[in-house]
Amino acid sequence: MSAKTYQVRTYGCQMNVHDSERLSGLLEDAGYVRAPGDADDADVVVFNTCAVRENADNKLYGNLGHLAPRKASRPGMQIAVGGCLAQKDRDTIVRRAPWVDVVFGTHNIGSLPVLLERARVEQEAQVEIAESLEAFPSTLPTRRESAYAAWVSISVGCNNTCTFCIVPALRGKEKDRRPGDILAEVEALVAEGVTEITLLGQNVNAYGSDIGDREAFSKLLRACGKVEGLERVRFTSPHPRDFTDDVIAAMAETGNVMPQLHMPLQSGSDRVLKAMRRSYRQERFLGIIEKVRAAIPDAAISTDIIVGFPGETEEDFEQTLHVVREARFAQAFTFQYSKRPGTPAAEMDGQILKEVVQARYERLVALQEEISWEENRRQVGRTLEVMVAEGEGRKDGATRRLSGRAPDNRLVHFTRPDGDVPRPGDMATVEVTYAAPHHLLAEGEVLGVRRTRAGDAWERRNAAPEAGPRGVMLGLPTVGAPEPLPAAPGGCTAR
């Protein structure tokens, strides 16, 4: 009998992407195999949801409705819904979509296989929402999407009370992993061939508040710098409140910490920041940017901005445009304010008309596009070492180009060499010849190719056939920690 297939559909932040890698690992550990492509004919379809945007509910129920006739025609097919929207809506999902088999929350993703089996045996929906974290996600099996780059979660949850954000209510208070556990995972990943890691947390630079060490995050960055074979370290997403001078020093002084920073602004208006319960003001934010640029002159800084928060005036919005001009972000993720039931901002007076928000949003986007293009044009003529990526350049096949990320995380498309073609994970040295607002081009010959252990890992993964099912799933979760990973060759280890 052939193994059952699964598909995980992910919405939202990097934390959800990382959780989905764990969900895939759990299912494969239980004997499922990944369904090819994006087809709807998998035996199990899992939705890992987000609750941040207003249309999250509509998107989920639209997708569930699309699958309903497929499920009705396929006995044995199962649908599971997890993530932040599941944590928030709980029984509502089964009431609105009674063909859903499993609903699980952000704190108990490890329960998915046993819940699926229980739903199959009992022939009724299983809804299980834990109120606190059952197991840190990084202790669960995983199926990583990349052979050369990996997420490493250092904390879950958030202690902030931003009035627009529902995440703390759904992810809970911040809980930190022990530094030794994090570094052990980093070393194990490097031993497998990974050369780039991204440290991940809802408020990543608050790391240490749960373990009583205010400098724990900077110490962690420095420790990652000592891991032999680890070439690139990134992190997301920090909070200006917790962005201290020791972190800036660690970034500047640790060779493998990349010159890149994502620092959410949200608004440039002190009045709006106060209403948002953001514990910094414009002067503090710009002061951080100034210190980072002094210590790391080539740093590319990106941000998040919300337009149209309740009560935002034209003067408030102009303050946001002022900060954008002063900070000169390489990139900004801009959002129109989205009312989320259950947040204080949803009940505030001064909700702004949609057409006003849209007009401000378009002005902000136009300004940031202009700045991004200007900042990218400053890169023309520079020689960069680019980590070759898989799937970054959608037109690479037609243009005979490859794509990858510069140290500052800018996307670079470059000419495919005729001879030594680099693999994803390898490094290519190129000279930038042209800049667009969202990418760079290197149209000349590749100046050099450095084959890496990460490229070897990518090649091994793609040469090996898919592993078969590991056994029959009996509906019982694995007891204890996952099997140990290979030992590392020396070294240590928003918002």
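Basis of the calculations
- Numbers given to residues run from 1 along each chain, matching the order in which its sequence is written.
- A pLDDT threshold of at least 70 governs which residues receive local features in this predicted model, and a stricter bar of 80 or more applies before side-chain atom pairs are shown or counted, although totals over entire chains, interfaces and linings include all residues.
- Values shown for side chains rest on all heavy atoms present in the structure; no hydrogens or waters enter the calculation.
- Strands are runs of DSSP state E lasting at least two residues, helices are runs of H or I lasting at least four, and both sets are numbered from the N terminus onward.
- Each radius of gyration reported is based on C-alpha atoms, and the globular scaling rule is 2.2 Å times the count of residues to the power 0.38.
- Exposed residues in this analysis have more than 50% of their type's maximum accessible area, buried residues have under 20%, and partly exposed residues fall in between, with area computed by a 1.4 Å probe over protein chains only.
- Exposure was quantified through the Shrake-Rupley algorithm and a 1.4 Å probe, taking into account, for residues, occlusion by the shown protein chains and nothing else.
- Under this rule, positive means Lys or Arg and negative means Asp or Glu; His and the chain ends count for nothing.
- Here the site of a charge means NZ on Lys, CZ on Arg, CG on Asp, or CD on Glu.
- What pLDDT conveys is the predictor's confidence in a given residue, as a value from 0 to 100.
- Here, two residues are considered to be in contact whenever any of their heavy atoms come within 4.5 Å of each other.
- The axes are straight lines fitted to the C-alpha atoms, using for helices just the contacting stretch, and the angles between their N-to-C directions are given from 0 to 180°.
- Just so you know how the angles are binned, under 35 degrees is roughly parallel, over 145 roughly antiparallel, 65 to 115 roughly perpendicular, and the rest oblique.
- Helix crossings fall into two classes, left-handed where the near helix is turned counterclockwise from the far one by less than a right angle and right-handed where it is turned clockwise.
- Any residue outside Ala, Val, Leu, Ile, Met, Phe, Trp, Tyr, Cys, Pro, Asp, Glu, Lys and Arg is labelled polar, Gly included; the first ten of those are nonpolar and the last four are charged.
- What makes two strands pair is DSSP finding at least two bridges between them.
- UniProt positions are given in the numbering used here, feature names are shortened, and annotations may be inferred rather than shown by experiment.
- The rule for a disulfide is simple: a pair of cysteine sulfur atoms within 2.5 Å.
- Any Lys or Arg side-chain nitrogen found within 4 Å of a carboxyl oxygen on Asp or Glu counts as a salt bridge.

### Some remarks on the overall build of the protein
Here's step 1: Along the backbone of the protein there are 15 helices and 21 strands.
Here's step 2: Relative to a compact globule of 495 residues, whose C-alpha radius of gyration would be 23 Å, the protein shows 23 Å and is just as compact.
Here's step 3: In terms of overall dimensions, the protein has a C-alpha envelope of 60 × 60 × 50 Å along the principal axes.
Here's step 4: The buried share of the protein, reckoned over its 495 residues, is 54%.
Here's step 5: As displayed, the protein has an accessible area near 21,900 Å², and 50% of this comes from carbon and sulfur atoms.
Here's step 6: Placing the 62 positive and 70 negative side-chain charges of the protein at their respective mean positions leaves the two points 2 Å apart.

### Considering the confidence of the model for the protein
Close reading of the predicted structure is inappropriate where its pLDDT is low.
Here's step 1: Considering every residue of the protein, the mean pLDDT works out to 88; 91% of them sit at 70 or more.
Here's step 2: For the stretch residues 467–494, pLDDT sits under 50, and the model shows 53 contacts to residues farther than four places along the chain or on other chains.

### Some points on the packing of helix α9 (residues 245–253) against helix α11 (residues 282–295)
Here's step 1: As a packed pair, α9 and α11 sit with axes 10 Å apart at the nearest point and diverge in direction by 25°. Judged by the angle between their axes, α9 and α11 are roughly parallel. Between α9 and α11 lies a crossing whose hand is right-handed. Contact residues: Asp245, Ile248 and Ala252 in α9; Lys291, Val292 and Ala295 in α11.
Here's step 2: Looking at side-chain class alone, the contact of α9 with α11 contains 4 nonpolar, no polar and 2 charged residues.

### Considering the sheet that holds strand β4 (residues 78–83)
Here's step 1: Strand order in this open sheet of 6 strands is β2-β1-β3-β4-β5-β6, and the pairing throughout is parallel. Where the open sheet ends on each side, the last strands, each with one partner, are β2 (33–34) and β6 (126–128).
Here's step 2: Pairing analysis gives 2 bridges linking β4 to strand β5 (residues 102–104), with the strands arranged parallel. Within β5, the residue paired with Val81 across the bridge is Val103.
Here's step 3: Relative to the sheet, helix α1 (residues 14–29) contacts β1 (5–10), β2, β3 (44–49) and β5, its axis offset from that of β1 by approximately 170°.

### Here's the deal with the UniProt feature "domain: Radical SAM core" (unreviewed entry) in the protein
Here's step 1: The positions UniProt marks with the feature "domain: Radical SAM core" (unreviewed entry) are residues 144–375.
Here's step 2: Along residues 144–375, the helical share is 41% and the strand share 16%, with 33 Å between the first and last C-alpha atoms.

### Considerations on the environment of Pro98
Here's step 1: Structurally, the position occupied by Pro98 is in the loop between α4 (91–96) and β5.
Here's step 2: On the accessibility criterion, Pro98 (56% relative accessible area) is exposed.
Here's step 3: Between the alpha carbons of Pro98 and Gly193 there is a distance of 44 Å; along the sequence they are 95 residues apart.

### Looking at the state of the cysteines
Here's step 1: Considering all chains together, one arrives at 0 disulfides under this definition.
Here's step 2: With no disulfide of its own, Cys50 lies closest to Cys84 among cysteine sulfurs, the gap being 6.2 Å.

### Remarks on the pattern of salt bridges
Here's step 1: For the structure shown, the criterion picks out 35 salt bridges.
Here's step 2: Of the charged contacts in the structure, one is a salt bridge between Asp43 and Arg74, with a shortest N-O distance of 2.9 Å. On the criterion of sequence distance, the pair formed by Asp43 in the loop between β2 and β3 and Arg74 in the loop between α2 (56–72) and β4 is long-range, its members being 31 residues apart.
Here's step 3: When the shortest N-O distance is used, the salt bridge between Arg363 and Glu318 registers 2.9 Å. Of this pair, Arg363 sits in helix α13 (residues 354–377) while Glu318 sits in helix α12 (residues 314–327), and the two are 45 residues apart along the sequence.
Here's step 4: The class for Arg363 is partly exposed, based on a relative accessible area of 34%.
Here's step 5: Connected through shared salt-bridge partners, Glu21, Arg22, Arg144, Arg177 and Glu185 make up one network.

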